[in-house]
Amino acid sequence: MTAITDDENETGDRWDDGVIARRAESGARGAEGDGEGAGDGEQDACSEDRTGAGADEGPHDPAEAPGALGSPLRDRLDALRDLLGLSQARLDGRTLAEAGRVLDEAAARRRLSSRHTVVAIAGATGSGKSTLFNALAGVRIAETGLRRPTTTAPIACTWSEGAAGLLDRLAIPGRLRRRPLAGGDGDEQLHGLVLVDLPDHDSAVVHHREQVDRILALVDAVIWVVDPEKYADAALHERYLRPLAGHAEVSFVVLNQTDRLPGEAADQVLDDLRRLLDEDGMAVGEHGDPGATVLAVSALTGQGVPELREMLGAFVQARDAAGRRLSADVDAAAGALRPVYVAEGRTGLGERAREDFAARLGDAVGAASAGEAAEREWRRNANRACGTPWLRLWRWYERTRMPRAAALRPPPPAEDEPTARQRVEQAVRTVADEAADGLPAPWAQAVREAAQRGAQDLPGALDDLAAREAAASGGRPPRPAWWPAAVLAQVAMTLLQVYGGLWLVGQIVGVLEPGLLPPVLVMLAGIVGGPLVEWACAAAARGPARRYGQEVTRRLHEAAGACGRATVLDPIAAELMRYREVRERYAAVTGPGGGPAPSPEAGSGGGGGPVGGPGGSVRGGQTGAHRRGPGRGKVRSRIG
């Protein structure tokens, strides 16, 4: 392996960081307030002095202050922070890990200079990324050669001072921090650029790939360098471009080594590269549309390098790359969290579900049976009140003649638990399933657990309710206003019978004049009238008895429903309210658009953000596997 060296013996190849030139011009720059080397007051690691340290840069643009992010992005980050706080009790740490990492990286980036844009150059072995790095810097910084891997550690080149904090965050040591030649072409155009040359992403050395994944998660933008032979490499598309498809606006895809392609082959390869990016879900910025910048260059001959430098300069001078990268990270984190926050269809309990739950609890507590028993008792009391005196006398005689027989009659077997616990449990399970229907799995589980906790005391509460209702309805039911009239009618019928009987006895004894028909008719009127009055009263009592039984049933249903609402429905409603709250926070995280669309292969890149997390990159040796698709073999045949 060829390591990156700090100095070389040959004068022609020796690194010149422009220290002498900067020393000569430091006084002039400090007097003119140019501000180079000031700002954060940090010393460039490759410089031997603090040029312009502490110099005042004059009025600052608020957008250039450290931590200056757009208001929408700040709102989204705050919403994401609130979302994680509300979800910690419902979701496991692994689910929230990537979103937490995004918040940590956003906070770290906001504390550093926003006047600098950190751009990494990444590519496969032999793609010529180090040659392109040197071409952009205008001086030989990174080692190039035939030995692989050539780049063994990240090396940085900064076009202005004040980026030490950013390089410390990338863990790039001072001996690997460089500056282009002072006064070189493009210095002003690229002012604020921090360019980082990375090791090969498909290197056979595991440590190299780990460095690539770590730094890719921290930089503001990436230049992906591909060559005509490996531009369709699966290691690139499946491990990086596809998981980072949402970061298209901070991505450059550069087809290098076009000097090796004859004729129109470069355009054909470039078209095929755009097609592959489209398959990966990465938008290509064409005709003013936002997306990845795709262009062809030859770092060796310089073809296309000025255009790339110009695009890169405009990108850097916009000074919004950090915010766009963080916004893409938030989108990726929100997309990964979508399955645990976005419900399928409408959620919650409707009025019909609540009524059905109350009805099931009423059935479990025996509301219908209690109503029927109350109805029978009402009719029984009506029969006692409106029956004939002779029938009442006979019933009294039966009670007094056999009191012990009634006492010795075995009572009906009492149930161990008046409330059917199985019915209660089934009702709770049903309403919990209806409430959890369509919810994401963690919140559906939380709803079911809340229902089960409330259901633990529900059978006992219903038992107490049934006992209180039985005690309250144990007395005689209320009598309607027409009962006294019915009693008077029965007394009149009885008096007719007695009067007719006495009249007939008086005729038989001879006290009264004989005449059998009148007393017999009077007696018959009393005898027939008594049962008729009793029958009419029984018919008239059916309606009030039914209403009385229905009232008892309704009271039990309402009482059971209130008990179930307090112990089960209210905890379920609290969980649903908490879910609505986090859903609103998630909507604020995703922004006005309602959140990122699922990636073509959701989860293929792991955490949904940078590929440095678990599952985000494929470990192993250098791979030469190529993606195959229609048209690619034809292009390669023309190339070679």
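Structure: see above.
Positions within a chain are numbered from 1, following the residues in the order the chain's sequence is written. Under the rules for a predicted model, residues below a pLDDT of 70 receive no local features and side-chain atom pairs below 80 are neither given nor counted, while totals for whole chains, interfaces and linings still include all residues. The basis for the side-chain values is all heavy atoms of the structure; hydrogens and waters are excluded.

**Here we look at the overall build of the chain**
At step 1: Comment: elements are numbered from the N terminus, with helices defined as DSSP H or I runs of at least four residues and strands as E runs of at least two. Assigned secondary structure in the chain consists of 20 helices and 7 strands.
At step 2: At a minimum sequence separation of 6, the contacts of the chain that also span at least 24 residues come to 79%.
At step 3: For the chain, the computed accessible surface area is about 31,300 Å², with 54% contributed by carbon and sulfur atoms. Only heavy atoms enter the contact rule, under which two residues are in contact if any of them lie within 4.5 Å. Residue burial considers only the protein chains on display, and all accessible areas are found by Shrake-Rupley using a 1.4 Å probe.

**Things to note about the packing of aromatic side chains**
At step 1: Stacked, edge-to-face and tilted are the three classes for Phe, Tyr and Trp ring pairs, Trp counted by its six-membered ring, which pair at centre distances within 6.5 Å; planes under 30 degrees apart are stacked, over 60 edge-to-face, the rest tilted. Using the criterion set out here, one finds 5 aromatic pairs in the structure.
At step 2: For the ring pair Phe252 and Phe315, a centre distance of 5.3 Å and an interplane angle of 90 degrees mean the geometry is edge-to-face. Of this pair, Phe252 sits in strand 6 (residues 251-255) while Phe315 sits in helix 9 (residues 305-318); the two residues are 63 residues apart in sequence, bridging distant segments of the chain.
At step 3: Classification of residues uses two cut-offs on accessible area relative to the type maximum, computed with a 1.4 Å probe and protein chains only: under 20% is buried, over 50% is exposed, and between them is partly exposed. Phe252 sits in the buried class, given a relative accessible area of 3%.
At step 4: With centroids separated by 5.4 Å and ring planes inclined at 25 degrees, the aromatic side chains of Tyr341 and Tyr586 adopt a geometry described as stacked. Placement of Tyr341 in helix 10 (residues 321-341) and of Tyr586 in helix 19 (residues 517-590) is noted, with a sequence separation of 245 residues between them. Both residues of the pair, Tyr341 and Tyr586, belong to the buried class.
At step 5: Grouping aromatic residues by their ring pairs yields a cluster made of Tyr341, Trp443, Tyr579 and Tyr586.

**Regarding a positive patch on the surface**
At step 1: Two joining distances apply to patches: 9 Å for like charges and 5 Å for nonpolar side chains (Val, Leu, Ile, Met, Phe, Trp, Tyr), and every residue must have over 30% relative accessible area and no salt bridge. By salt bridge we mean one thing: a side-chain nitrogen of Lys or Arg within 4 Å of a carboxyl oxygen of Asp or Glu. Only four residue types enter the charge count, namely Lys and Arg as positive and Asp and Glu as negative; His and the chain termini do not. For this purpose, a charge sits on NZ of Lys, CZ of Arg, CG of Asp or CD of Glu. A cluster of basic residues, Arg379, Arg542, Arg546 and Arg547, forms a positive patch at the surface.
At step 2: With 3 residues, helix 19 is the largest single contributor of residues to the positive patch.
At step 3: With respect to the helices and strands, Arg542 occurs in helix 19.

**Looking at the packing of helix 4 (residues 129-137) against helix 9**
At step 1: Note on geometry: axes are C-alpha line fits, over the in-contact stretch for helices, and angles between N-to-C directions span 0 to 180 degrees. Viewed as axis vectors pointing N to C, helix 4 and helix 9 meet at an angle of 70 degrees, and their least axial separation amounts to 10 Å. In terms of their interaxial angle, helix 4 and helix 9 are classed as roughly perpendicular. For the pair formed by helix 4 and helix 9, the contact residues are Leu132, Ala135 and Leu136 on the first element and Val305, Leu308, Arg309 and Leu312 on the second.
At step 2: Here the residues of the contact of helix 4 with helix 9 sort into 6 nonpolar, no polar and 1 charged. Every angle not falling under 35 degrees, over 145, or within 65 to 115 is termed oblique; those three ranges are roughly parallel, roughly antiparallel and roughly perpendicular. Any residue outside Ala, Val, Leu, Ile, Met, Phe, Trp, Tyr, Cys, Pro, Asp, Glu, Lys and Arg is labelled polar, Gly included; the first ten of those are nonpolar and the last four are charged.

**Examining the sheet that holds strand 3 (residues 177-178)**
At step 1: Spatially, 3-2-4-1-5-6-7 is the arrangement adopted by the 7 strands of the open sheet, whose pairing is mixed. If you trace the sheet from one side to the other, it starts and ends with strand 3 and strand 7 (293-296), each paired once.
At step 2: The strands touched by helix 9 within the sheet are strand 1 (117-123), strand 4 (193-197), strand 5 (221-226), strand 6 and strand 7, with strand 6 carrying the most contacts at an inclination of about 175 degrees. A pair of strands is treated as paired once DSSP finds two or more bridges between them.

**Some remarks on helix 3 (residues 93-110)**
At step 1: With 18 residues, helix 3 extends 25 Å between its outermost C-alpha atoms, agreeing within 8% with the 26 Å of an ideal straight helix rising 1.5 Å per residue.
At step 2: Note on bend: at a given residue it equals the angle between the axes fitted to the 7 residues ending there and to the 7 starting there. Within helix 3, the axis deviates most sharply at Ala99, by approximately 30 degrees.
At step 3: Turning to helix 3, its buried residues number three or more, namely Leu96, Glu98, Ala99, Gly100, Val102, Leu103, Glu105, Ala106, Ala108 and Arg109.
At step 4: Of the residues flanking the start of helix 3, the one acting as N-cap is Asp92, its side-chain oxygen 3.1 Å from the backbone nitrogen of Arg94. The span you would expect from a helix comes to 1.5 Å times its residue count less one. Under this definition, polar contacts are N or O atom pairs within 3.5 Å; protein pairs additionally need one hydrogen-donor-capable and one acceptor-capable atom, and for neighbouring residues in sequence, both atoms have to be side-chain atoms.

**Concerning the pattern of salt bridges**
At step 1: Summed over the entire model, instances satisfying the criterion amount to 25 salt bridges.
At step 2: Of the charged contacts, one joins Arg177 and Asp168 as a salt bridge, the two residues approaching to 2.5 Å between their closest N and O atoms.
At step 3: Owing to a relative accessible area of 6%, Arg177 belongs among the buried residues under this scheme.
At step 4: The network of salt bridges with common partners includes Arg90, Glu575 and Arg578.

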